[in-house]
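What follows is each chain in one-letter form.
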Amino acid sequence: MSQQIKSLFLLAAMAAGIFGYRWLAELSFLSPYLISSMLLFTYCKVSLKDLHFTSLHWWLLGFQIFVSLLCYLVLSPINAILAQGVMICIFIPTANASPVIAGMLGGKVGVLTTYLLLCNVCAAFIAPIYFSFMSSAADYSFWGTVLYICKRVIPLILGPLVIAQIIEKISKKLHDRMKRLQKVTFYLWNITLMFVMAGATKFILKELQSGVLSIGQFALYLVAALIVCLVQFGVGRKIGHRYGDAIVGGQGLGQKNTILAIWMTQSYLNPIACIVPAAYILWQNIVNSIQIWQHKSDK
(Lines give C-alpha, C1' and ligand atoms only; values in the text may rest on other atoms or scores of the structure.)
Protein backbone atom coordinates (compact mmCIF):
# COMPACT_ATOMS: atom_id res chain seq x y z
CA MET A 1 0.00 0.00 0.00
CA SER A 2 1.44 3.40 -0.98
CA GLN A 3 2.15 6.11 1.56
CA GLN A 4 -0.50 8.32 -0.07
CA ILE A 5 -3.20 5.71 0.51
CA LYS A 6 -1.99 5.15 4.07
CA SER A 7 -2.23 8.88 4.69
CA LEU A 8 -5.81 8.83 3.43
CA PHE A 9 -6.61 5.95 5.79
CA LEU A 10 -5.14 7.95 8.67
CA LEU A 11 -7.11 11.08 7.80
CA ALA A 12 -10.28 9.03 7.32
CA ALA A 13 -9.87 7.37 10.73
CA MET A 14 -9.35 10.72 12.46
CA ALA A 15 -12.28 12.30 10.59
CA ALA A 16 -14.55 9.35 11.38
CA GLY A 17 -13.66 9.57 15.05
CA ILE A 18 -14.28 13.31 15.18
CA PHE A 19 -17.53 13.46 13.18
CA GLY A 20 -18.90 10.10 14.32
CA TYR A 21 -18.04 10.54 17.97
CA ARG A 22 -21.65 10.12 19.15
CA TRP A 23 -21.60 6.45 18.14
CA LEU A 24 -17.93 5.50 18.05
CA ALA A 25 -17.16 6.85 21.52
CA GLU A 26 -19.26 4.01 22.92
CA LEU A 27 -16.63 1.58 21.57
CA SER A 28 -13.63 3.36 23.08
CA PHE A 29 -13.47 0.67 25.79
CA LEU A 30 -11.91 -1.57 23.12
CA SER A 31 -8.81 0.65 22.88
CA PRO A 32 -6.60 -1.20 25.40
CA TYR A 33 -7.32 -4.55 23.75
CA LEU A 34 -6.48 -3.15 20.30
CA ILE A 35 -3.28 -1.59 21.66
CA SER A 36 -2.22 -4.94 23.10
CA SER A 37 -2.98 -6.62 19.78
CA MET A 38 -0.79 -4.11 17.92
CA LEU A 39 2.05 -4.69 20.35
CA LEU A 40 1.71 -8.45 19.97
CA PHE A 41 2.29 -8.27 16.21
CA THR A 42 5.13 -5.78 16.71
CA TYR A 43 6.87 -7.95 19.31
CA CYS A 44 6.69 -10.96 16.98
CA LYS A 45 9.30 -9.16 14.86
CA VAL A 46 11.66 -8.93 17.81
CA SER A 47 13.98 -11.71 18.94
CA LEU A 48 15.25 -11.08 22.45
CA LYS A 49 18.63 -12.62 21.66
CA ASP A 50 19.13 -10.19 18.79
CA LEU A 51 18.53 -7.07 20.86
CA HIS A 52 21.61 -4.87 21.22
CA PHE A 53 21.26 -1.77 23.33
CA THR A 54 23.49 1.18 22.51
CA SER A 55 24.30 4.55 24.06
CA LEU A 56 21.76 6.12 21.69
CA HIS A 57 18.97 4.08 23.29
CA TRP A 58 19.92 5.13 26.81
CA TRP A 59 20.14 8.82 25.87
CA LEU A 60 16.70 8.73 24.27
CA LEU A 61 15.24 6.84 27.22
CA GLY A 62 16.84 9.24 29.70
CA PHE A 63 15.27 12.19 27.89
CA GLN A 64 11.82 10.59 28.00
CA ILE A 65 12.01 9.71 31.69
CA PHE A 66 13.77 12.70 33.21
CA VAL A 67 12.74 15.57 30.92
CA SER A 68 9.09 14.52 31.18
CA LEU A 69 9.33 14.65 34.98
CA LEU A 70 11.23 17.95 34.89
CA CYS A 71 8.60 19.56 32.65
CA TYR A 72 5.87 18.35 34.98
CA LEU A 73 7.59 19.78 38.06
CA VAL A 74 8.22 23.13 36.34
CA LEU A 75 4.73 23.52 34.83
CA SER A 76 2.65 21.99 37.62
CA PRO A 77 2.64 25.08 39.89
CA ILE A 78 1.58 27.18 36.88
CA ASN A 79 -0.96 24.89 35.20
CA ALA A 80 -1.41 21.35 36.50
CA ILE A 81 -3.45 20.15 33.51
CA LEU A 82 -0.94 21.51 31.00
CA ALA A 83 1.85 19.92 33.04
CA GLN A 84 0.21 16.49 32.82
CA GLY A 85 -0.42 16.83 29.08
CA VAL A 86 3.15 17.90 28.30
CA MET A 87 4.56 15.21 30.60
CA ILE A 88 2.64 12.38 28.94
CA CYS A 89 3.66 13.55 25.43
CA ILE A 90 7.33 13.30 26.41
CA PHE A 91 7.14 10.23 28.63
CA ILE A 92 4.97 7.97 26.47
CA PRO A 93 6.78 5.27 24.43
CA THR A 94 7.62 5.45 20.75
CA ALA A 95 4.79 4.68 18.32
CA ASN A 96 4.49 1.13 17.00
CA ALA A 97 4.61 2.56 13.47
CA SER A 98 7.91 4.40 14.05
CA PRO A 99 10.14 1.63 12.58
CA VAL A 100 8.04 1.76 9.40
CA ILE A 101 8.49 5.52 9.01
CA ALA A 102 12.19 5.24 9.90
CA GLY A 103 12.64 2.66 7.14
CA MET A 104 10.95 4.95 4.61
CA LEU A 105 13.35 7.73 5.61
CA GLY A 106 16.43 5.50 5.34
CA GLY A 107 16.94 4.91 9.07
CA LYS A 108 18.07 1.70 10.77
CA VAL A 109 14.85 -0.19 11.46
CA GLY A 110 16.47 -2.76 13.76
CA VAL A 111 17.92 -0.07 16.03
CA LEU A 112 14.55 1.64 16.38
CA THR A 113 12.72 -1.66 16.94
CA THR A 114 15.08 -2.36 19.83
CA TYR A 115 14.32 1.04 21.31
CA LEU A 116 10.59 0.47 20.79
CA LEU A 117 10.78 -2.58 23.03
CA LEU A 118 13.05 -0.91 25.60
CA CYS A 119 10.92 2.21 26.10
CA ASN A 120 7.68 0.21 26.28
CA VAL A 121 9.07 -2.08 28.98
CA CYS A 122 10.45 0.85 30.99
CA ALA A 123 7.19 2.78 30.65
CA ALA A 124 5.27 -0.19 32.04
CA PHE A 125 7.21 0.00 35.30
CA ILE A 126 7.75 3.75 35.62
CA ALA A 127 4.28 4.99 34.58
CA PRO A 128 2.54 3.65 37.72
CA ILE A 129 5.01 5.52 39.93
CA TYR A 130 4.63 8.78 38.01
CA PHE A 131 0.86 8.57 37.82
CA SER A 132 0.51 7.78 41.51
CA PHE A 133 1.68 11.24 42.62
CA MET A 134 0.28 13.11 39.61
CA SER A 135 -3.20 11.66 39.95
CA SER A 136 -5.79 13.58 41.93
CA ALA A 137 -7.47 10.37 43.08
CA ALA A 138 -7.60 10.27 46.85
CA ASP A 139 -9.09 6.81 47.24
CA TYR A 140 -5.70 5.11 47.36
CA SER A 141 -2.46 5.52 49.29
CA PHE A 142 0.74 6.10 47.30
CA TRP A 143 1.63 2.40 47.13
CA GLY A 144 -2.00 1.46 46.72
CA THR A 145 -2.17 3.70 43.65
CA VAL A 146 1.09 2.25 42.30
CA LEU A 147 -0.26 -1.29 42.61
CA TYR A 148 -3.64 -0.28 41.19
CA ILE A 149 -2.09 1.22 38.06
CA CYS A 150 0.53 -1.54 37.73
CA LYS A 151 -2.22 -4.14 37.46
CA ARG A 152 -3.64 -2.29 34.47
CA VAL A 153 -0.64 -0.82 32.67
CA ILE A 154 1.97 -3.59 32.94
CA PRO A 155 -0.22 -6.37 31.48
CA LEU A 156 -1.19 -4.05 28.62
CA ILE A 157 2.44 -3.46 27.57
CA LEU A 158 4.33 -6.52 28.78
CA GLY A 159 1.58 -9.07 28.24
CA PRO A 160 1.95 -9.04 24.43
CA LEU A 161 5.73 -9.53 24.76
CA VAL A 162 5.26 -12.63 26.91
CA ILE A 163 2.58 -14.01 24.57
CA ALA A 164 4.81 -13.40 21.52
CA GLN A 165 7.63 -15.38 23.14
CA ILE A 166 5.25 -18.23 24.06
CA ILE A 167 3.89 -18.40 20.51
CA GLU A 168 7.44 -18.59 19.15
CA LYS A 169 8.17 -21.55 21.45
CA ILE A 170 5.03 -23.57 20.82
CA SER A 171 4.28 -22.72 17.16
CA LYS A 172 7.07 -21.42 15.01
CA LYS A 173 4.76 -21.51 11.99
CA LEU A 174 2.18 -19.24 13.61
CA HIS A 175 4.93 -16.93 14.89
CA ASP A 176 6.44 -16.59 11.41
CA ARG A 177 3.00 -15.91 9.94
CA MET A 178 2.40 -13.12 12.47
CA LYS A 179 5.77 -11.62 11.61
CA ARG A 180 4.72 -11.47 7.97
CA LEU A 181 1.36 -9.90 8.81
CA GLN A 182 2.75 -6.62 10.14
CA LYS A 183 0.32 -4.71 7.92
CA VAL A 184 -2.38 -5.83 10.36
CA THR A 185 -0.95 -3.36 12.90
CA PHE A 186 -1.65 -0.51 10.47
CA TYR A 187 -5.35 -1.36 10.33
CA LEU A 188 -5.57 -1.97 14.06
CA TRP A 189 -3.84 1.37 14.61
CA ASN A 190 -6.40 3.17 12.45
CA ILE A 191 -9.35 1.50 14.16
CA THR A 192 -7.93 2.35 17.58
CA LEU A 193 -7.22 5.91 16.49
CA MET A 194 -10.84 6.24 15.36
CA PHE A 195 -12.20 5.09 18.74
CA VAL A 196 -9.74 7.18 20.76
CA MET A 197 -10.40 10.33 18.71
CA ALA A 198 -14.14 9.75 19.15
CA GLY A 199 -13.76 9.49 22.92
CA ALA A 200 -11.50 12.54 23.05
CA THR A 201 -13.85 14.59 20.83
CA LYS A 202 -16.88 13.70 22.94
CA PHE A 203 -15.02 14.65 26.09
CA ILE A 204 -13.62 17.95 24.70
CA LEU A 205 -17.01 19.09 23.37
CA LYS A 206 -18.65 18.25 26.67
CA GLU A 207 -16.07 20.27 28.59
CA LEU A 208 -16.35 23.21 26.17
CA GLN A 209 -20.15 23.23 26.37
CA SER A 210 -20.14 23.03 30.16
CA GLY A 211 -17.66 25.89 30.46
CA VAL A 212 -15.05 23.77 32.26
CA LEU A 213 -12.74 24.21 29.25
CA SER A 214 -12.43 27.58 27.52
CA ILE A 215 -11.44 28.25 23.92
CA GLY A 216 -8.30 29.95 25.23
CA GLN A 217 -7.29 26.87 27.21
CA PHE A 218 -7.99 24.67 24.21
CA ALA A 219 -5.73 26.84 22.03
CA LEU A 220 -3.02 26.74 24.71
CA TYR A 221 -2.99 22.95 24.72
CA LEU A 222 -2.82 22.84 20.91
CA VAL A 223 0.19 25.18 20.86
CA ALA A 224 1.86 23.27 23.70
CA ALA A 225 1.53 20.01 21.74
CA LEU A 226 3.12 21.66 18.67
CA ILE A 227 6.08 22.96 20.69
CA VAL A 228 6.67 19.62 22.41
CA CYS A 229 6.43 17.80 19.08
CA LEU A 230 8.97 20.03 17.32
CA VAL A 231 11.37 19.99 20.28
CA GLN A 232 11.31 16.19 20.53
CA PHE A 233 11.90 15.63 16.83
CA GLY A 234 14.69 18.22 16.89
CA VAL A 235 16.43 16.98 20.03
CA GLY A 236 16.04 13.37 18.91
CA ARG A 237 17.72 14.10 15.60
CA LYS A 238 20.62 15.87 17.34
CA ILE A 239 21.14 12.95 19.73
CA GLY A 240 20.85 10.46 16.89
CA HIS A 241 23.32 12.44 14.75
CA ARG A 242 25.97 11.97 17.43
CA TYR A 243 25.58 8.20 17.07
CA GLY A 244 25.31 8.05 13.30
CA ASP A 245 21.54 7.88 12.83
CA ALA A 246 19.58 11.11 13.07
CA ILE A 247 16.49 9.38 11.63
CA VAL A 248 16.31 6.84 14.48
CA GLY A 249 16.85 9.58 17.05
CA GLY A 250 14.17 11.81 15.60
CA GLN A 251 11.56 9.08 15.19
CA GLY A 252 12.41 7.42 18.50
CA LEU A 253 11.87 10.63 20.44
CA GLY A 254 9.35 12.46 18.26
CA GLN A 255 6.90 9.84 17.00
CA LYS A 256 4.80 8.85 19.99
CA ASN A 257 2.20 6.22 20.76
CA THR A 258 -0.40 8.95 21.19
CA ILE A 259 -3.26 6.45 21.32
CA LEU A 260 -1.72 4.92 24.43
CA ALA A 261 -1.05 8.43 25.78
CA ILE A 262 -4.69 9.49 25.44
CA TRP A 263 -5.95 6.29 27.02
CA MET A 264 -3.54 6.56 29.97
CA THR A 265 -4.37 10.25 30.48
CA GLN A 266 -8.11 9.62 30.48
CA SER A 267 -7.68 6.65 32.81
CA TYR A 268 -5.17 7.90 35.39
CA LEU A 269 -4.67 11.67 35.10
CA ASN A 270 -6.92 14.69 34.60
CA PRO A 271 -8.96 13.73 31.50
CA ILE A 272 -8.76 17.29 30.13
CA ALA A 273 -5.00 16.80 29.75
CA CYS A 274 -5.71 14.29 26.95
CA ILE A 275 -6.21 17.27 24.63
CA VAL A 276 -2.42 17.71 24.46
CA PRO A 277 -1.63 14.18 23.18
CA ALA A 278 -4.74 14.34 20.96
CA ALA A 279 -3.28 17.45 19.29
CA TYR A 280 0.10 15.73 19.13
CA ILE A 281 -1.44 13.18 16.74
CA LEU A 282 -2.03 15.95 14.21
CA TRP A 283 1.39 17.62 14.59
CA GLN A 284 3.50 14.45 14.45
CA ASN A 285 1.77 13.27 11.30
CA ILE A 286 2.35 16.64 9.66
CA VAL A 287 6.05 16.44 10.61
CA ASN A 288 6.30 12.89 9.25
CA SER A 289 4.57 13.85 6.01
CA ILE A 290 7.02 16.72 5.49
CA GLN A 291 9.99 14.45 6.23
CA ILE A 292 8.80 11.79 3.77
CA TRP A 293 8.17 14.43 1.09
CA GLN A 294 11.65 15.93 1.62
CA HIS A 295 13.27 12.50 1.56
CA LYS A 296 11.60 11.62 -1.76
CA SER A 297 12.52 15.03 -3.19
CA ASP A 298 16.19 14.52 -2.31
CA LYS A 299 16.36 11.25 -4.27
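Refer to the structure above for everything that follows.
These lines cover the structure that appears in this document, whether it is placed above or below. What you see is a predicted model; the values in this text were computed from it and never measured. (Residues numbered from 1 in each chain as written. Predicted model: local features only at pLDDT ≥ 70, side-chain atom pairs only at ≥ 80, totals over all residues. Heavy atoms only, no water.)

**Description of the environment of Ala164**
Alright, step 1. By the secondary structure assignment, Ala164 is in helix H8 (residues 142-170).
Alright, step 2. Setting aside residues up to four positions removed in sequence, Ala164 forms contacts with Leu40, Tyr43, Cys44 and His175. (Helix = DSSP H or I, 4+ residues; strand = E, 2+ residues; numbered from the N terminus. Contact = heavy atoms within 4.5 Å.)

**Some details on the environment of Thr185**
Alright, step 1. Here Thr185 lies in helix H10 (residues 183-210).
Alright, step 2. Judged by relative accessible area, which is 15%, Thr185 ranks as buried.
Alright, step 3. In this structure, the C-alpha to C-alpha distance between Thr185 and Leu40, residues 145 residues apart in sequence, is 9.1 Å.
Alright, step 4. Once residues lying within four places of it in the same chain are set aside, the contact partners of Thr185 are Met38, Phe41 and Thr42. (Buried < 20%, exposed > 50% of the residue type's maximum accessible area, 1.4 Å probe, protein only.)

**Some points on the packing of aromatic side chains**
Alright, step 1. Tallied over the entire structure, the rule returns four aromatic pairs.
Alright, step 2. Geometrically, the ring pair formed by Phe91 and Tyr130 is tilted, given 5.2 Å between the ring centres and 40 degrees between the ring planes. One end of the pair, Phe91, is in helix H5 (residues 80-91); the other, Tyr130, is in helix H7 (residues 109-134), and 39 residues separate them in sequence. Just as Phe91 is buried, Tyr130 falls in that class too.
Alright, step 3. With 6.1 Å between their ring centres and 85 degrees between their planes, Trp263 and Tyr268 make a pair best called edge-to-face. Side by side, Trp263 and Tyr268 carry an identical accessibility label, which is buried. (Phe/Tyr/Trp six-rings, centres within 6.5 Å; stacked < 30°, edge-to-face > 60°.)

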